[in-house]
Amino acid sequence: MKHGIEELKLINRDLTKTNAEFFARVQELESLLENKSPSKEFAPELQHETDKLFQFDCCEIVCDGKDEEEWLQHRSSGVGASEVADAIGHGWGSSVRLWGVKLGLIEPFAGNEKTEWGLLLEPLIAQRLLEDEDFKKEYGSGWILYKNTAMYRSKVYSHQFCTPDFFLVKGDKIINVQIKATGWLDFSEKLPKHVWLQVQDEMFVTGLDETIVAAFSGKDLKLYWHHVKYQHDIMQIICKDVEAFWQKVQTKEQPEPDASQDCTEALNELYPPDEEETEIALPSHLSEVHDELTKIAEQEKEIKDRKTALKNKVLSELKTNQRGTLPQGGGFTYKPNKNGKRTLRRF
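Residues numbered from 1 in each chain as written. Predicted model: local features only at pLDDT ≥ 70, side-chain atom pairs only at ≥ 80, totals over all residues. Heavy atoms only, no water.

Chemist: Could you give an account of the sheet that holds strand β2 (residues 59–63), naming the residues involved and the relevant values?
Modeler: Overall, mixed pairing links the 4 strands, which are arranged β2-β5-β6-β3 in an open sheet. Strands at the two margins of the open sheet, each flanked by one partner only, are β2 and β3 (79–80). Sheet strands in contact with helix α8 (residues 193–206) are β2, β3, β5 (151–154) and β6 (160–162), and its direction is about 105° off that of β6. (Pairing = 2+ DSSP bridges. Helix = DSSP H or I, 4+ residues; strand = E, 2+ residues; numbered from the N terminus. Contact = heavy atoms within 4.5 Å. Axes fitted to C-alpha atoms, helices over the stretch in contact; angles between N-to-C directions.)

Chemist: Explain the packing of α8 against helix α9 (residues 232–251) to me, and be specific about the residues and the numbers.
Modeler: Contact geometry for α8 and α9: axes closest at 11 Å, N-to-C directions at 95°. The orientation of α8 relative to α9 falls into the category roughly perpendicular. From α8, W196, L197, Q200, D201 and F204 reach across to α9, where they touch I234, M235, I238 and C239. Here the contact of α8 with α9 is composed, by residue class, of 7 nonpolar, 1 polar and 1 charged. (Parallel < 35°, antiparallel > 145°, perpendicular 65-115°, else oblique. Nonpolar A, V, L, I, M, F, W, Y, C, P; charged D, E, K, R; others polar.)

Chemist: Summarise the environment of V96; cite the residues concerned and give the values.
Modeler: Mapped onto the fold, V96 is located in helix α5 (residues 95–102). Its relative accessible area of 0% is what places V96 among the buried residues. For the pair formed by V96 and Q254, sequence separation is 158 residues and the distance between their alpha carbons is 6.7 Å. Residues contacting V96, with those up to four places away along its chain left out, are Q254, P255, E256, P257, C263, A266, L267 and L270. (Buried < 20%, exposed > 50% of the residue type's maximum accessible area, 1.4 Å probe, protein only.)

Chemist: Report on the packing of aromatic side chains, specifying residues and quantitative values.
Modeler: The tally for this structure, following the rule as stated, stands at 10 aromatic pairs. Seen in terms of ring centroids, Y139 and W225 are 6.0 Å apart; in terms of plane orientation they differ by 65°. Their pairing is edge-to-face. Linking Y139 in helix α7 (residues 133–139) with W225 in strand β10 (residues 222–229), this pair joins segments that are 86 residues apart in sequence. In this structure, Y139 and W225 share a single accessibility class: buried. Three or more aromatic residues joined by ring pairs make a cluster, and in this case those are F54, F56, Y146, Y152 and F167. One residue, K147, lies across the ring of F166, its end atom 4.8 Å from the ring centre. One Lys or Arg, R323, reaches over the ring of F347 and ends 4.1 Å from the middle of that ring. (Phe/Tyr/Trp six-rings, centres within 6.5 Å; stacked < 30°, edge-to-face > 60°. Lys NZ or Arg CZ within 6 Å of the ring centre and 35° of its normal.)

Chemist: Go over a positive patch on the surface, please, and point to the residues and values.
Modeler: Residues K307, K311, K341 and R346 make up a contiguous surface patch of positive charge. The class of R346 is exposed, set by a relative accessible area of 74%. (Patch = residues over 30% accessible without salt bridge, like charges linked within 9 Å, V, L, I, M, F, W, Y side chains within 5 Å. Areas by Shrake-Rupley, 256 points an atom, 1.4 Å probe, with all protein chains shown as cover. Salt bridge = Lys/Arg side-chain N within 4 Å of Asp/Glu carboxyl O. Lys, Arg positive; Asp, Glu negative; His and termini not counted. Charge placed at Lys NZ, Arg CZ, Asp CG, Glu CD.)

Chemist: Which residues make up the state of the cysteines, and what values go with them?
Modeler: Counted according to the given criterion, the structure contains 0 disulfides. A disulfide-free cysteine, C162 has its sulfur positioned 6.7 Å from the sulfur of C59, the nearest such atom. (Disulfide = S-S within 2.5 Å.)

Chemist: Break down the pattern of salt bridges for me, with residues and values.
Modeler: Per the counting criterion, the structure on display carries 11 salt bridges. The partner of E83 in a salt bridge is R75, with the nearest N and O atoms 3.3 Å apart. The partner of E83 in a salt bridge is K102, and the shortest N-O contact between them spans 2.9 Å. Within this pair, whereas E83 is found in the loop between β3 and α4 (84–87), its partner K102 is found in helix α5, the two being separated by 19 residues in sequence. Connected through salt bridges with shared partners, the residues R75, E83 and K102 form a single ionic network.

Chemist: Summarise the nonpolar core; cite the residues concerned and give the values.
Modeler: F54, F56, Y152 and F167 are the most contacted members of the largest nonpolar core, which has 35 residues in total. Elements with a contribution of two residues or more to this core: α4, α5, β7 (166–170), α8, α9 and α10 (261–270). Take this core: its biggest share by element is 7 residues, from α9. If sequence neighbours within four positions are ignored, F54 has contacts with I61, Y146, Y152, F167, V169 and I174. One finds I125, L130, I179 and A214 within the second-largest nonpolar core, a separate group that totals 19 residues. (Core = buried A, V, L, I, M, F, W, Y, C linked by side-chain atoms within 4.5 Å.)

Chemist: I'd like a rundown of the environment of V242, residues and numbers included.
Modeler: Among the structural elements, V242 can be located in helix α9. C-alpha of V242 to C-alpha of D86: the two residues are 156 residues apart in sequence and 9.6 Å apart in space. Excluding anything up to four places from it in sequence, V242 contacts V79, V84, I88, H159 and Q160.

Chemist: Break down the sheet that holds strand β11 (residues 323–325) for me, citing the residues and quoting the values.
Modeler: The sheet built from 3 strands is open, its strands ordered β11-β12-β13 with antiparallel pairing. With one partner strand each, in any of the chains shown, β11 and β13 (342–346) form the two edges of the open sheet. Neighbouring strand axes in the sheet, compared pairwise and without regard to direction, differ in orientation by 10° on average. Across 5 bridges, strand β12 (residues 331–336) lies against β13 in antiparallel orientation. By the bridge assignment for β13, P336 is matched with R342.

Chemist: For the side chain of R153, give the residues involved together with the corresponding values.
Modeler: Relative to the assigned elements, R153 resides in strand β5. No salt bridge is formed by the buried R153. Its closest oppositely charged neighbour is E60, at 4.5 Å. Looking at R153, its side chain comes within polar contact range of the side chain of S77, at 3.0 Å. Once residues lying within four places of it in the same chain are set aside, the contact partners of R153 are C58, C59, E60, V62, H74, S77, S158, H159, Q160, F161 and V205. (Polar contact = N/O pair within 3.5 Å; in protein donor to acceptor, adjacent residues only side chain to side chain.)

Structure (C-alpha cells):
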C-alpha cells in the first residue's frame, strides 16, 4: 500500500495546479490510508446516503452486502453483472476460467492494490459526477446519491444478479450509476464492451432503464461519463447466452476454449500435469485439429522465411546507410539501438 500512496502523492502535485478541491479530498484519502484505516465512506462531506435499501419489482434483495463472506457466498450461486462479459465470451477473462471459479476448481480473483484504490475512490468519483457542469446542464440539480451495497437477484433468471455501485434519485426517478477508476482503459469516446454489458445486465435485473457510467482516467486525470439506455432486445439474446453458460456450470460441462491467453492459463490451472507420464486415447475429431495445426506450423515457417528474405533484400540495398527512402514515399531505417544492435524498421 505504501507504494500506492507514493504514486498518489505524485498525482496530487499535478492536480493542485488545476483542482485544489480534488487535491484536498485525495489528501484526505491519503491520510486515511497512512493511518491504516481505509473506509468505504471516506470524505464525509459527500452528499450521499448509505443505509437505504431500494426495492424493485423484477428482482429480490439477496443480501444487504454488509457481510462480505455472505456476499461472496451468494456470488458463487450465479453470474454477476461484472461477469456477464466473461460468461458469453466478450470479457477480459475467459468463460473457461469463470466456469472453473463457479465450480470451485479455480481460485477467484481476490483483488489487488488497484482494485482497492478503485473502491476507495468510488464515492469521490460519484460526487464529482454531480458537480460536473455538463452533467448539471443535462440533468439539472437536486439529485441525491445513494451508495448501494445490496445484491439483487432477477426474478426471471435466478442465476443472474448484480450489485450496483450507486443510485441517483430525484423524486420518483432512479438512475443506475456505475463507477470506474482506470489508468489504461479508454472511456473518452465510448464504453468498453465489457462495461456496457455489465450495466445492461444491471438494468435488466433491477428493471431500471437508464445508467450513467462515470469513469476517472488516471492516464489524463479526467472524469468521463456516459449515459446508457437499456436495450431490451439485445438483453434477451444476452440472457439466453448467460443461461447457456450457467447450464454448463450446473452440468459441469466445460465451455468451448477460446483464443485468449487467460483461457490457456485457466486450462493449466484446471488440469495440472500428472506426477507420472500418462497417456489417453483422444477423440477422433482431434485428428482434424492435428492436421490443421501441422498446416499452420508449415505456413508460419514459410512466412518467417519469406519475411527474412525480404528484409535481407532491403539490407543489401541499404548497405552502410541507416535510412533509405522510396520514390512514392516511406522507406526503411536500419539504426543501432542502445545495445548496438541494428533493427530494420519501416516508415
